[in-house]
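These are the residues of each chain, in order.
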Amino acid sequence: MAGVVEELVKKAGGCAVIDGGFATQLEALGADINDSLWSAACLITKPHLIKEVHMQYLEAGADVIISSSYQATIPGFLARGLRQEEAEGLLRTSVHLALEARDEFWKSTLTKPKPIYNRALVAASIGSYGAFLADGSEYSGSYGDNIMAEKLKDFHRRRLQVLASAGPDLIAFEAIPNKMEAQALVELLEEEDIQVPSWICFSSVDGKHLCSGESFGDCLQILNASEKVAIVGVNCTPPQFIEGIIREFKKQTGKAIAVYPNSGEVWDGRAKRWLPAECFGRKSFDVMARRWQEAGASLIGGCCRTTPSTIRAVSKALKGRDRALISLESSESV
Ligand SMILES: C[S+](C)CC[C@H](N)C(=O)O
Ligand SMILES: N[C@@H](CCS)C(=O)O
Ligand SMILES: [Zn+2]
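None of the values given here were measured: they were computed from a predicted structure. (Residues numbered from 1 in each chain as written. Chains lettered and ligands numbered in written order. Predicted model: local features only at pLDDT ≥ 70, side-chain atom pairs only at ≥ 80, totals over all residues. Heavy atoms only, no water.)

**Quick look at the coordination of the zinc ion (ligand 3)**
The coordination sphere of the zinc ion (ligand 3) contains the protein donors Cys236 (SG), Cys303 (SG) and Cys304 (SG), at a distance range of 2.2 to 2.4 Å. The coordination sphere of the zinc ion (ligand 3) comprises 4 donor atoms, whose angles at the metal cover 96 to 129°; the geometry is tetrahedral. Donor residues for the zinc ion (ligand 3), ordered by position in the chain, follow C-x66-C-C. The same class applies to Cys303 as to Cys304, namely buried. (Donors = N, O, S within 2.8 Å, 3.2 Å for Na, K, Ca; no water. Tetrahedral: all angles 85-135°; square planar, octahedral: opposite > 155°, others 65-115°. Buried < 20%, exposed > 50% of the residue type's maximum accessible area, 1.4 Å probe, protein only.)

**Here we look at the site of ligand 1**
The local shell around ligand 1 consists of Trp38, Tyr70, Gln71, Ala131, Ala134, Glu138, Tyr139, Trp267, Lys272, Trp274 and Cys304. One nitrogen or oxygen atom from the main chain of Ala131 is found 3.3 Å from a nitrogen atom belonging to ligand 1. Within the side chain of Lys272, a nitrogen or oxygen atom sits 2.6 Å from an oxygen atom of ligand 1. Protein burial of ligand 1: of its 320 Å² of free accessible surface, 99% is covered by the chains. (Near = heavy atom within 4 Å. Polar contact = N/O pair within 3.5 Å; in protein donor to acceptor, adjacent residues only side chain to side chain. Areas by Shrake-Rupley, 256 points an atom, 1.4 Å probe, with all protein chains shown as cover.)

**A short note on helix 13 (residues 308-319)**
Relative to the 16 Å expected for 12 residues at 1.5 Å per residue, helix 13 spans 16 Å between its end C-alpha atoms, a close match to the ideal helical length. Burial of helix 13 is extensive: 9 of the 12 residues sit out of reach of the surface. Of the positions making up helix 13, those classed as buried are Pro308, Thr310, Ile311, Ala313, Val314, Ser315, Ala317, Leu318 and Lys319. (Helix = DSSP H or I, 4+ residues; strand = E, 2+ residues; numbered from the N terminus. Expected span 1.5 Å × (residues − 1).)

**Re the site of ligand 2**
Taken together, Gly21, Phe22, Ala23, Trp38, Tyr70, Glu174, Cys236, Cys303 and Cys304 form the complete shell of residues around ligand 2. One of the backbone N or O atoms of Ala23 is found 3.1 Å from an oxygen atom in ligand 2. Note that a nitrogen atom of ligand 2 is positioned 2.9 Å from one of the side-chain N or O atoms of Glu174. Relative to its unbound accessible surface of 280 Å², ligand 2 loses 97% to contact with the protein. Here ligand 2 occupies the largest cavity. Looking at side-chain class alone, the shell around ligand 2 contains 7 nonpolar, 1 polar and 1 charged residues. (1 Å grid on protein atoms, 1.4 Å probe; cavity = no way out; pocket = protein on both sides within 12 Å on 5 of 7 lines; lining within 4 Å. Sits in = over half its atoms within 2 Å of the grid points. Nonpolar A, V, L, I, M, F, W, Y, C, P; charged D, E, K, R; others polar.)

**Examining the packing of aromatic side chains**
Applying the stated criterion to the full structure yields 10 aromatic pairs. Here Tyr129 and Phe132 contribute two aromatic rings whose centre-to-centre distance is 6.0 Å and whose plane-to-plane angle is 35°, an arrangement assigned as tilted. Within this pair, Tyr129 and its partner Phe132 are both found in helix 7 (residues 129-133), separated by 3 residues, close to a single helical turn. Tyr129 sits in the buried class, given a relative accessible area of 9%. Considering the side-chain rings of Phe216 and Phe249, the 5.2 Å spacing of their centres and the 70° angle between planes classify their relative orientation as edge-to-face. With Phe216 in helix 10 (residues 216-224) and Phe249 in helix 11 (residues 242-252), this residue pair connects regions lying 33 residues apart in the sequence. On the accessibility criterion, Phe216 (2% relative accessible area) is buried. (Phe/Tyr/Trp six-rings, centres within 6.5 Å; stacked < 30°, edge-to-face > 60°.)

Below, the structure written as structure tokens:
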């Protein structure tokens, strides 16, 4: 594990808390993300809401917040009529908004008589090529016959360079659905000699494989071989599969494991909406988070359709205290 993460996990008592659904909470605050850029559209239209969402997750107890760049891509911004410099500027803005929120929040907790939070880390999000395609392929892993690893590297290269140079503590590759993209990312981290530690998280729809149907073990072997990858895991995967996935990962890797599942609802990539399915709320996350920690996860949070109340429950379950309540009490006593 990279030093900075190791320190945080230790300070957090053995398991750090990741934030929850970023886009989900952005929508809850009134943002319209029915857009080819999805949540990244708000970098253009509503940056203040992005910062507000980060603040809400920090207040809920997140030790790691993930930037708004999941679907922020240079080709996506260019297609919107922006210039290259403007597109790169928005990528940097996504990291700066998260850093600003982290720094402001941390400063405010230090004025409290008994600070109860950790200084959070900022992870710069990089969604898969499938997220950019916006056709649901981050949950199928099917990119068609014309997509090769080199093309994926070229797609990710400049965004990775720009985000890494914007000052995040971590890079978070999220919902990677197939082995080819995992391989491309590991090669790219080496080729560009990225110094910011990374996590690479897969998506799964059956709990036994990546979304593509490829084996976790094969993909983890690729990640295990890279010193640039500090953390491996799964995100945006139904919660009921997570415990089994952690146990499988423990057999296949010595790297730290991050899990941040969605609510269990299923994304319909064509209709662009979440379909009802077995849905897990904050009460289930409370119980499950403890089991995930016991199974060997070092970082635990939530993904799509989870909210600050989910993360407050996870934080309380893992750290044994209700941070929201303590925070309220300490602010009252100032
Ligand atoms: C994590 S999914 C719900 C993100 C949205 C998707 N890439 C789309 O644009 O349709
Ligand atoms: N960090 C992204 C992940 C989407 S799968 C978000 O929470 O919106
Ligand atoms: Zn998600």
